[in-house]
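Commentary on secondary and tertiary structure
Chain residues, written in single-letter form:
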Amino acid sequence: GGVINAYTAHDRTVFHIDMPSRHWRTAVAILSEAVQHAAFPEEEWRREKDVILREIAMNRDKPDRVVGQLLWETAFTVHPYRYPVIGYRDLFASLTRNDLVAYYRRHFAPNFMIAVMVGDMSAPEAETAMREALGSFPRHAGALAAIPEEPSQIAPRQVRQAGPYELARLEWAYHTVPLQHPDAPDLDVLAILAGSGRTSRLGQTIKETRRLAHEISAWSFTPKEPGLFGISAVFDPAKEAALAPAIEKEVDTWKTKLFKAGEVEKARNMLLLSTLTEQETMHGQAASLASGEYYAGNPRFSELYLAGLKRVTPETLRNIAKKYLVPSNRTLAILCPTGATEQAVAPSALSTNVPGVHKQVLPNGLTLLTREDHRLPLVAFCAASAGGVLDEDARNNGIAHLTAEMLLSGTGSRSADTIAGLLEFRGASLSPFSGYSSFGLQGQCLSRDAAVMLDLVADCLRQSIFPTNELDKKKAEQIAGILRQQESPFFQADNVLRKTLFPDHPYRFFPIGTIASVRSLQRDDLLRYHRRALTASNTVLAVFGDISPSQVSEACARVFRTLPSGTRSRPVLPPPNPSLPLRTCPANGRIVTPVPREQTIVLVGMPGIAVLDPRKDAIAILLEALNGLSSDLLIRIRDQEGLAYYAGALQLTGPAPGMLTLYAGTRTDAVERVTALIQEEMERLTTEGLREEEWVRAREQLTAAFDRKCQANGELAMDCVINELLGLGYAHGFSIRTRLERLPPSDALEAARSLFEPDRCVISIAVPETDANRNIPDRKESRHASGKPDEGKPE
């Protein structure tokens, strides 16, 4: 039931395991063995090397990664922060196993490492086990390589790159300090005031008022060595000439005018909430301790950091801006569409044995879920109404998403700016969500602000007025999101697959909608949709955390009393999964789509199940077995043959039967082999079924995943609300271990046989345009697929 993974950042490599506490010794054994005795077999090295080359290609298809790398390699001239963490394709391709072993022997030594354990175990026993596991690990006499110091930047820098993109991106940054520097808290506060939320300075001037960017934010990155303070934006290329001067003008005001004391308090509350939220989970606590020790030499650095926040004032922020945000210290990176005109720019674990969730139905029909948890002074909210894609058609696709986004754009008594200011001053969050069968709001606040937050949630749900000026902004943002979505080769392949499997069903749509449908939506459309869908009987509300359930119940009865009762939304749907024999599909079930990207995507899909289908748990076991680093599918495709960086299974499900999909990110000349391996894996599951170790691993992974979800009230609230809304019942997740332990392995075999029908399989392939003319022969024996872990929950 554990989750193991690793990552490499700019200045450290981290291996981590989240494991049920009864198995903590296994985690120690696995990680200690890995860091001390890695063997690097030649065949494994060769295959993994090819996999990483696929990942490098994948990163080139992500515009945000591309513009980020442009920034780092321009801002830093000698420091290793200028290099991409994954490396350069040509240099990486030239590496040998000997290079890898030499690096491993040089860097993997106990005097270069930090080990952290957090959770439900005996600290003395854990320390003893760690000493026994690592006690014979030899120190290294030598020191790590000296890191060159980045010279001070004395003149502004700019870099520009064009490519096959729909939108432009900007990164605007200044050199600053490492984490342990006294100025780090001021820089974090400045980043929030500058670009976090609607009422931030950049959000107000650049996005809301002048509408020069679809997205704009500010950030402060303070790692081991001096980092960067930056501004990121996504915008229409035509607005670049106005955007850059507007950002520069706004930055200059921070050096001359004082921020208001209330703004500073708002930022402090947001950072306090963020730091406390990290402490909810065992993973977060371990990460905090390890980061504090590594970056600042103090595992309890987060406490010193919070003390540093108290010293931040409007005067210190002005001084920080004057000190670091100067033109000579600035680097600007722009990624734009090809052909765009260039512009010159001068505590303890949560027990899950007893749910502790209480349900009641208020007089008007609103379902209320409460959970009392006093571990931390936090309260989580989630409100969801039945609706979403399954209630849409080609004309209004995206209306649930747009309605959800507009819920925070103004009510009868509060403007959008008032709502944003109320939230940000308290460091609270409230954000919209939408999916295939639901939409709503979720958020979190300090418990001292719970009453104010509950009143705000009720106001936004009951009294939203959908002002036209805000609607125009949200429509533009949603269209920008659609354009960004279209940049993904995975989306292009998935889009074709959906339209083929669901030619007359809402599942052919995505929650965000289409450009044409979003443009056509008017205020009256949203008002009608809101009146119909956002009723008490159609809504479930959860309030979890540091609260009194009885007081919450009284408050909800009061603030939601005017929410009309209404009825549960039950859209009339066409037959969800029409029979699709291969002969009715192009190229015998195979469809190839050229895209202007470097990756090749293979999707093998077929009709799936509804969320209330009795095969639901058996399919969940199958999907879990098909995913993860230890799945047969990934081992064969990636580890043994090095044909893909990623591969797995996805499911789309909800009140109506959806689809199952197997996927892989590969290269064009490997399409045939990858497709064959996917088909072979599906055939194994329909003839032999899962092996006992696969069954046990999948079952433990699913139960452990829910246990991890229970650590954070926000995640648990969402899970309970959506399960209640879908008809599974709010406590559905809490019974997962019992259900899966009673499930016989034969159920997974029967479920696979009932769904993996070769004649209903569709293969959608997205290939780079440069490879579009390659011959990809048809395979008439195409078959089998597996699912998408959506569970009908909002994306």
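This section reports on the structure supplied with the text. (Residues numbered from 1 in each chain as written. Predicted model: local features only at pLDDT ≥ 70, side-chain atom pairs only at ≥ 80, totals over all residues. Heavy atoms only, no water.)

1. Points about the overall build of the chain
The helix and strand inventory of the chain stands at 28 helices and 18 strands. Over its C-alpha trace the chain gives a radius of gyration of 27 Å, about what one expects of a compact globule, namely 28 Å for 795 residues. In terms of its C-alpha atoms, the chain occupies a principal-axis envelope of roughly 70 × 70 × 65 Å. Counting only residues that meet the buried cut, the chain has 56% of its 795 residues in that class. (Helix = DSSP H or I, 4+ residues; strand = E, 2+ residues; numbered from the N terminus. Rg over C-alpha atoms; globule rule 2.2 N^0.38 Å. Buried < 20%, exposed > 50% of the residue type's maximum accessible area, 1.4 Å probe, protein only.)

2. Section: the sheet that holds strand S14 (residues 590–595)
Within the open sheet, the five strands sit side by side as S14-S18-S15-S17-S16. Their pairing is mixed. One side of each edge strand has no neighbouring strand; the edge strands of this open sheet are S14 and strand S16 (646–652). Recorded for the sheet is a direction-independent mean angle of 20° between the axes of neighbouring strands. Of the strand pairs in this sheet, S16 and strand S17 (residues 659–666) are connected by seven bridges, and their pairing is antiparallel. Within S17, the position partnered with glycine 648 by the bridge is tyrosine 663. Each of S14, strand S15 (600–607), S17 and strand S18 (762–768) is contacted by helix H24 (residues 671–687), which is oriented at about 30° to S15, the strand it contacts most. (Pairing = 2+ DSSP bridges. Axes fitted to C-alpha atoms, helices over the stretch in contact; angles between N-to-C directions. Contact = heavy atoms within 4.5 Å.)

3. A short note on the pairing of strand S1 (residues 3–8)
Alignment of S1 against strand S2 (residues 13–18), held across six bridges, turns out to be antiparallel. Paired with tyrosine 7 across the strands is valine 14, a residue of S2. Linking S1 to S2, which pair antiparallel, is a turn of four residues.

4. Thoughts on the side chain of glutamate 424
With respect to the helices, strands and loops of the structure, glutamate 424 is situated in helix H15 (residues 416–425). Overall, glutamate 424 belongs to the buried group, its relative accessible area being 7%. Apart from the residues lying within four places of it in its own chain, the contact partners of glutamate 424 are Ser196, Gly197, Arg198, Thr199, Ser200, Lys266 and Met270.

5. So, the sheet that holds strand S13 (residues 539–545)
The strand order S8-S9-S13-S10-S12-S11 describes an open sheet built from six strands, whose pairing is mixed. Both edges of this open sheet fall to strand S8 (357–361) and strand S11 (429–434), since each of them pairs with a single strand only. For this sheet the average axis-to-axis angle between neighbouring strands, irrespective of direction, equals 15°. Inspection of the sheet shows strand S9 (residues 367–372) paired to S13 by six bridges, in the parallel sense. Bridging across to S13, threonine 370 finds its partner in valine 543. On the sheet, helix H10 (residues 261–278) packs against strand S10 (378–386) and strand S12 (438–446) and is oriented at approximately 100° with respect to S12. In this fold helix H26 (residues 713–726) packs onto S8, S9, S10, S11, S12 and S13, with an angle of close to 155° to the strand it touches most, S13.

6. Focus on the packing of aromatic side chains
This model, assessed by the stated rule, comprises 19 aromatic pairs. Ring geometry for phenylalanine 301 and tyrosine 305: centres 6.5 Å apart, planes at 45°, overall tilted. With a gap of four residues between them, phenylalanine 301 and tyrosine 305 both fall in helix H12 (residues 301–310), about one helical turn apart. Residue phenylalanine 301 shares its accessibility class with tyrosine 305, and that shared class is buried. (Phe/Tyr/Trp six-rings, centres within 6.5 Å; stacked < 30°, edge-to-face > 60°.)

7. A look at the environment of arginine 211
Along the chain, the position of arginine 211 falls in the loop between helix H8 (201–209) and strand S5 (215–221). Considering only alpha carbons, one finds arginine 211 and alanine 244, 33 residues apart in sequence, at a separation of 13 Å.

8. A short note on the packing of helix H7 (residues 184–195) against H8
Here H7 crosses H8 at 30°, and the two axes come no closer than 3 Å. In terms of their interaxial angle, H7 and H8 are classed as roughly parallel. Of the residues in H8, those in contact with Leu193, Ala194 and Gly195 of H7 are Arg201, Leu202 and Gly203. Here the residues of the contact of H7 with H8 are counted per class, giving three nonpolar, two polar and one charged. (Parallel < 35°, antiparallel > 145°, perpendicular 65-115°, else oblique. Nonpolar A, V, L, I, M, F, W, Y, C, P; charged D, E, K, R; others polar.)

9. Thoughts on the nonpolar core
By size, the foremost hydrophobic cluster in this structure holds 66 residues, and its most contacted members are Leu622, Ile637 and Phe756. In this structure, Trp172, Phe229, Tyr305 and Tyr324 belong to the second largest nonpolar core, which totals 48 residues. (Core = buried A, V, L, I, M, F, W, Y, C linked by side-chain atoms within 4.5 Å.)

10. Focus on unusual backbone geometry
A positive phi angle, near 50°, is found at phenylalanine 40, a position not held by glycine. Mapped onto the elements of the fold, phenylalanine 40 is located in the loop between helix H1 (24–37) and helix H2 (42–60). Its relative accessible area of 22% is what places phenylalanine 40 among the partly exposed residues. One non-glycine residue, phenylalanine 466, lies in the positive phi region at around 50°.

11. Here we look at the pattern of salt bridges
All chains considered together, the criterion is met by 57 salt bridges. A salt bridge links arginine 25 to glutamate 125, with the nearest nitrogen and oxygen atoms 3.4 Å apart. Residue arginine 25 is located in helix H1, and its partner glutamate 125 is located in helix H6 (residues 123–134); the two are separated by 100 residues in the primary sequence. Salt-bridge contacts for arginine 699 lead to glutamate 700; the nearest nitrogen and oxygen are separated by 3.7 Å. You can call arginine 699 buried: its relative accessible area is 19%. Note on glutamate 700: relative accessible area 11%, which makes it buried. Each member of the salt-bridge network shares a partner with another, and the members are Asp632, Glu681, Arg684, Arg691, Glu693 and Glu694. (Salt bridge = Lys/Arg side-chain N within 4 Å of Asp/Glu carboxyl O.)

12. Side note on the pairing of S11
In the sheet, S11 pairs with S12 via six bridges, with the strands oriented antiparallel. Residue proline 432 lies in a different strand from S12, and its bridge partner there is leucine 441. Between S11 and S12, which pair antiparallel in sequence order, lie three residues.

13. So, the side chain of threonine 403
Residue placement: threonine 403 occurs in helix H14 (residues 399–406). Look at threonine 403 and you get buried, because its relative accessible area is 0%. Polar side-chain contacts of threonine 403 include one of 2.7 Å to the backbone oxygen of isoleucine 399. Excluding residues within four positions of it along the chain, threonine 403 makes contact with Phe439, Phe466, Leu526 and Tyr529. (Polar contact = N/O pair within 3.5 Å; in protein donor to acceptor, adjacent residues only side chain to side chain.)

14. With respect to a nonpolar patch on the surface
On the surface, Tyr83, Tyr88 and Leu91 cluster together to form a nonpolar patch covering roughly 290 Å² of accessible area. Position of tyrosine 88 relative to the elements: it lies in the loop between helix H3 (63–75) and helix H4 (89–94). (Patch = residues over 30% accessible without salt bridge, like charges linked within 9 Å, V, L, I, M, F, W, Y side chains within 5 Å. Areas by Shrake-Rupley, 256 points an atom, 1.4 Å probe, with all protein chains shown as cover.)

15. A short note on the packing of H7 against helix H13 (residues 314–324)
For the pair H7 and H13, interaxial distance at closest approach is 10 Å and the crossing angle is 95°. With respect to H13, the axis of H7 lies roughly perpendicular. Residues Asp186, Leu187, Val189, Leu190 and Leu193 of H7 touch H13, and the partners they reach there are Thr316, Leu317, Ile320 and Tyr324. Its residues placed into classes, the contact of H7 with H13 shows seven nonpolar, one polar and one charged.

16. Structural notes on helix H22 (residues 616–626)
The periodicity of an α-helix, 3.6 residues per turn, causes residues three or four positions apart to be oriented the same way. Within H22, ten of the eleven residues are buried, which leaves it mostly tucked inside the rest of the structure. When we look at burial in H22, the residues that qualify are Lys616, Asp617, Ala618, Ile619, Ala620, Ile621, Leu622, Leu623, Ala625 and Leu626. Residue glycine 628 follows H22 closely and has a positive phi angle near 95°.

17. Description of the environment of leucine 335
Mapping leucine 335 onto the fold places it in strand S7 (residues 330–337). Take leucine 335: its relative accessible area is 0%, and that puts it in the buried class. Once residues lying within four places of it in the same chain are set aside, the contact partners of leucine 335 are Pro63, Val66, Val67, Leu70, Gln161, Tyr165, Leu167, Ala168 and Arg169.

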